[in-house]
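Listed here are the chains, written in short residue letters.
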Amino acid sequence: MNERDAPSGVLGANRWRRFDDWDERPLRLDNFAVEDPPNGFSAFHGLRDPKPGVVVEGGRIVSLDGTAAADFDMIDHFVANHHLDPELAETAMAIPSQEIARMLVDVSVPRTELARLAHGLTPAKLAEVVAQLSSIELAFAFSKMRTRKTPGNQGHVTNAKDDPLQLAADAAIAVAFGFDEIETTMRVARNAWSNALACAVGASVGRWGTLFQCAGEEAEELQIGLAGFTSYAETVSVYGTEKAFVDGDDTPWSKAFLAAAYASRGIKMRCTSGGGSELLMGFHEAKSLLYLEARCLCLQRAMGVQGTQNGGIDGAPVASSMPGGVRELMAENLLAVWLDLECATGNDARHSESEIRVGAKILPFLIAGSDLTCSGMGTILKYDNSFNPSSFNGEEMEDFLVLQRDFEADGGLTSIDETAALELRRRAIDALSAVYAELDLGEPSPAMKQSVAIASGSNDTDSYLPRDASLISERIKERGITVIDVIKALARRGFREEAQNLLNLVRLRVSGDYLQTAAVVRSGHVISAVNDPNDYGGPGSGYRLNDARRRELAAIRDVLTRDEVLRTEAAFARDEAARIAYKVLGPAARAKDAPTDIVIGVSPAFGLKLYRTLAGHPLSAVLRALCEGIRAKGCTVRVVRMRHTADTSFLGLSAAGLSGSGIGIGIQAKGTAVIHQIGRLPHNNLELFSNAPVISLEHYRAMGGNAAVYAMGGMPEPVVVPTKGMALGARFHAQVALLYAIETALTQEDAQPEEVEVTYPEAAN
Amino acid sequence: MSRPDPSGNRTVADYPLAEKHPEWVKTARGGTIEDVTLEAVEAGGVTMEDLRITPQALLDQAAVARSANRPTLARNFERAAELVDVPQEFLLEVYELLRPGRAKDKTALLAAAAVLRDTYGASRMAGFVEEAVEIYEQRGLFSYRF
């Protein structure tokens, strides 16, 4: 090729263009960082991570992980005073880390024994132990060590307008999906009361028991809880270095005080922590993510909170930028449950633009089970998520449901029916409107309500705007409206079921049963690590899907059944009857002295039980295209029905054997076709169209033409059907298997080929 | 105010209390949880006061937590039991004082601890605040922040 012929950009190019392709992948939007321990970029091995150690004197911890009591920072103090059991510490610390690591994955060592042992282990020791586990061991140990047996999930319910009608509708949907907890937050902080009331009402539709929180400013969050609208809180963040803690405007004592304050109001609470937060705040002390998180988790246990949401959380993206970062997130979740804390396992703040990385990250938790698989899956669309997009959002909800089905793993969610979903949305909107009317908070128009009911997200709505929500919110707050007022309003306006549901939820706080570790409400009963403890001890123990739950997980939308495939085919049969007629002429014979004779061998169900190809072409049109292609190149064609085989290669080879030219075409009803030649091995054909869904009528016509060229001794350019890399197996194989079974059911050993006369009644008209 | 019985002997076997021992679960005004019905709400006989947790319930939950080998959770419930009757404003005031740099020296926090102990009988929580004072002093947390 000389310079003049080269396409522009080829000569002188010095980059393999595959790299251009890779540059365009969403993955390349992610930041990746080099491991750099002095600057805090280390998942497992910080430059200044201390060696594990403890010294107990006179019942007091006098040295912790190499630091003497006189030099303790406030975190050391809190851990030494409130986490470590001085009677156990020295014995527990004396066990080699590898031995403890092995206990974590040993099904014969009960979780209760390991949980007890953790009372005597320091942050550095805990980190050193879990660092020895591979990713699969971390996931397995997590499955064994998590606190509550039955897995669950948590969802975000927010929108970009703080529109209360949409919050109510989306809360009802989240409840229907089965979320154990839902969480809202605001675009505009002062809308907290409006958000809280709307979600509380929405979550009372359908069933009761979904716990609800409104994440906002600490004092206001507590006030909203006191008014009875919320039932849990989880924004109590802790950090692994003293400076980060102070920068976060708290201390272990202030947070522990808050923990007691929430419990004193009967409100469930968990802390938040996660690898990478200290790094993002600029106070990492050149320590690893894992070690700092081990300190956070010991602190949380020390404070006496029942649980945590960890696993990076807002730090997940920076943690994931490091080598081993995602494994570290798994390790910190394991630490949480080993310390006997309820664990909402992150998988919220989206750590990557790559859907593959997102799917891979969720899998260990999905198959291990988790108290709350995501500590906030977006139940709403990404742009409506006021917490920022989650790993999974409204867009990807069905992907999650299918993953549950694929792995028969319980991520806490259940598919919802299309009709029921719309009814729930309308019911929630009407319930909130009733409360608004009764409490004089507003009067949404029918158009507003309709726009919200059918909206996928707030871009589609013509409803309340943030300022409207602010006015509603201020009115709720100023007038001191409580959940009692809302329950009364619901009951008075005929929403008795919702009123009862909301009352049931708020009544939980009287006994405080749901303050225990990992408590959620299922079917009207509180279950927690106390009465539903994870008792995993090997195969056959721990959480197992029962038949009913397995069926629920299987019941995703639009599932093929044989009956459905047959019904669809039957509908097609009528149309085909008007287009083509097959008349059996009798046993097919080999043509003699007919060098231009080509035989098309059709499959047993072709045109008799099955009527169109996977690409959607009527078989009449396909047959006509093949015949026209053959005749256009000067050959003649006979159609023969094979009944001894449904296999493309053998259809083709049998047809070739009957033809005068030695050339035959085999075709199945689903559209797979082959050009074959007498004397060739079955799978050594001349041309094959294997991807039936992408074959056009033009391709069939060209195939007919090529068959004719072969018949006349020529060597045509093979017809290549281009594919665009679609996962055709995923799209069609279930249907193919059902269709092909219909073909094979009609085959009969030794059945002789029959010559068929094909006519096209429509064409005759 | 009658002091709750601190010698809780509830165990995991008693849990959930509202289901297994509804008669133990009292509302702040002395009724049982079964009195909190929708009909009672409609009739105006239920207030937010009736939906509060009681010190006794928290002590019961503490006993359950301890029997489940969760002593730190139990201690939190015990501190919480002491805070049930502490007014919201004072609660938030103490929380604010415990945040870094809010108290410029230990006086205000020690005073808060004294009120917790003397006015509300919250001796555990008072001790907890006093422990904070000691550590804050050691770590220089009574420093200027804003």
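Quick caveat: nothing in here was measured; it's all calculated off a predicted structure.

Draft legend 1. Highlighting the confidence of the model for chain B. All names here are of chain B. Summary statistics for chain B give a mean pLDDT of 92 and a share of 92% for residues scoring 70 or more. Mean pLDDT in chain B bottoms out at helix α5 (residues 88–98), which sits at 94, and peaks at helix α4 (residues 71–83), which reaches 98. Both scores are available for the predicted complex, with the pTM at 0.95 and the ipTM at 0.95.

Draft legend 2. The arrangement of the interface of chain A and chain B in detail. Contacts between the two partners involve 71 residues from chain A, matched on the other side by 63 residues from chain B. Broken down residue by residue, the surface that chain A buries against chain B is led by Trp253, Phe257 and Val510 of chain A, which jointly contribute 14%. Linking chain A with chain B are 7 salt bridges. Between Glu242 of chain A and Arg139 of chain B there is a salt bridge whose closest N-O contact spans 2.8 Å. Summed over the shared surface of chain A and chain B, the result is 30 residue pairs in polar contact (both at pLDDT 80 or more). Considering only residue class, the side of chain A that touches chain B consists of 32 nonpolar, 22 polar and 17 charged.

Draft legend 3. Main features of the sheet that holds strand β1 (residues 54–57) of chain A. All names here are of chain A. One open sheet holds the 3 strands; their spatial order is β1-β2-β3, and the pairing between them is antiparallel. Of all strands in the sheet, those bounded by a partner on one side alone are β1 and β3 (67–68). Judged from the 4 bridges that link them, β1 and strand β2 (residues 60–64) form a sheet pairing that is antiparallel. For Glu57, the partnering residue across the bridge sits in β2 and is Arg60. Its contacts with the sheet put helix α3 (residues 86–94) on β1 and β2, and the angle it makes with β1 is roughly 140°.

Draft legend 4. Layout of the pattern of salt bridges. Under the counting rule described, the total for this entry stands at 54 salt bridges over all chains. When salt bridges with common partners are traced through the structure, they connect Glu218, Asp249, Asp250 and Lys255 of chain A together with Glu96, Arg99 and Arg102 of chain B into a single cluster.

Draft legend 5. Up close: the sheet that holds strand β15 (residues 597–602) of chain A. Residue and element names in this part refer to chain A. Ordered by their spatial adjacency, 7 strands build an open sheet running β14-β20-β16-β15-β17-β18-β19, and the pairing between neighbours is mixed. Strands at the two margins of the open sheet, each flanked by one partner only, are β14 (581–587) and β19 (687–689). The sheet shows a mean angle of 30° between the axes of neighbouring strands, taken without regard to direction. Where β15 and strand β17 (residues 663–667) come together, 4 bridges link them in parallel fashion. Residue pairing in the sheet places Val599 in a bridge with Gly664 of β17. Contacts from helix α26 (residues 619–632) reach β14, β15, β16 (636–641), β17 and β20 (754–759), with the element oriented near 165° to β15.

Draft legend 6. Representation of the side chain of Ser277 of chain A within the structure. Along the chain, the position of Ser277 of chain A falls in helix α13 (residues 277–281). Note on Ser277 of chain A: relative accessible area 14%, which makes it buried.

Draft legend 7. Region of interest: the packing of helix α6 (residues 123–130) of chain A against helix α14 (residues 289–303) of chain A. All names here are of chain A. Contact pair α6 / α14: the axes reach a minimum separation of 8 Å and the direction vectors enclose 125°. With respect to α14, the element α6 is oriented oblique. Here α6 runs over α14; the crossing is right-handed. Contacts between α6 and α14 involve Pro123, Ala124, Leu126, Ala127 and Val130 from the first element and Leu290, Tyr291, Ala294, Arg295 and Cys298 from the second. A class-by-class count of the residues in the contact of α6 with α14 yields 9 nonpolar, no polar and 1 charged.

Draft legend 8. View of the environment of Ala122 of chain B. Residues and elements named next belong to chain B. With respect to the helices and strands, Ala122 occurs in the loop between α6 (106–120) and α7 (123–139). Of the residues examined, Ala122 reaches a relative accessible area of 0% and is grouped as buried. Each C-alpha atom, one on Ala122 and one on Glu78, is 9.7 Å from the other, the two residues being 44 residues apart in sequence. Discounting chain neighbours no more than four positions away, the residues touching Ala122 are Glu82, Leu116 and Arg117.

Draft legend 9. The nonpolar core, seen in detail. Grouped together as the largest cluster of nonpolar side chains are 127 residues, with contacts concentrated most on Leu104 and Trp338 of chain A together with Leu116 of chain B. No other element matches the 9 residues that helix α12 (residues 252–264) of chain A contributes to this core. Those residues in contact with Trp338 of chain A that lie beyond four places of it in its chain are Ile100, Leu104, Leu114, Ala115, Ala118, Leu121, Leu126, Val129, Val130 and Met145 of chain A. In this structure, Val205, Phe392, Leu441 and Ala499 of chain A belong to the second largest nonpolar core, which totals 78 residues.

Draft legend 10. Region of interest: a nonpolar patch on the surface. Residues and elements named next belong to chain A. A surface patch of nonpolar side chains, about 350 Å² in accessible area, is lined by Trp16, Phe19 and Trp22. Within the fold, Trp22 resides in helix α1 (residues 18–23). Classification of Trp22 as partly exposed rests on a relative accessible area of 41%.

Reading the values: rules and limits
Residues numbered from 1 in each chain as written. Chains lettered and ligands numbered in written order. Predicted model: local features only at pLDDT ≥ 70, side-chain atom pairs only at ≥ 80, totals over all residues. Heavy atoms only, no water. pLDDT = per-residue confidence, 0-100. Helix = DSSP H or I, 4+ residues; strand = E, 2+ residues; numbered from the N terminus. Contact = heavy atoms within 4.5 Å. Buried area = accessible area lost by both parts, 1.4 Å probe. Salt bridge = Lys/Arg side-chain N within 4 Å of Asp/Glu carboxyl O. Polar contact = N/O pair within 3.5 Å; in protein donor to acceptor, adjacent residues only side chain to side chain. Nonpolar A, V, L, I, M, F, W, Y, C, P; charged D, E, K, R; others polar. Pairing = 2+ DSSP bridges. Axes fitted to C-alpha atoms, helices over the stretch in contact; angles between N-to-C directions. Buried < 20%, exposed > 50% of the residue type's maximum accessible area, 1.4 Å probe, protein only. Parallel < 35°, antiparallel > 145°, perpendicular 65-115°, else oblique. Left-handed = near helix turned anticlockwise from the far one by under 90°. Core = buried A, V, L, I, M, F, W, Y, C linked by side-chain atoms within 4.5 Å. Patch = residues over 30% accessible without salt bridge, like charges linked within 9 Å, V, L, I, M, F, W, Y side chains within 5 Å. Areas by Shrake-Rupley, 256 points an atom, 1.4 Å probe, with all protein chains shown as cover.

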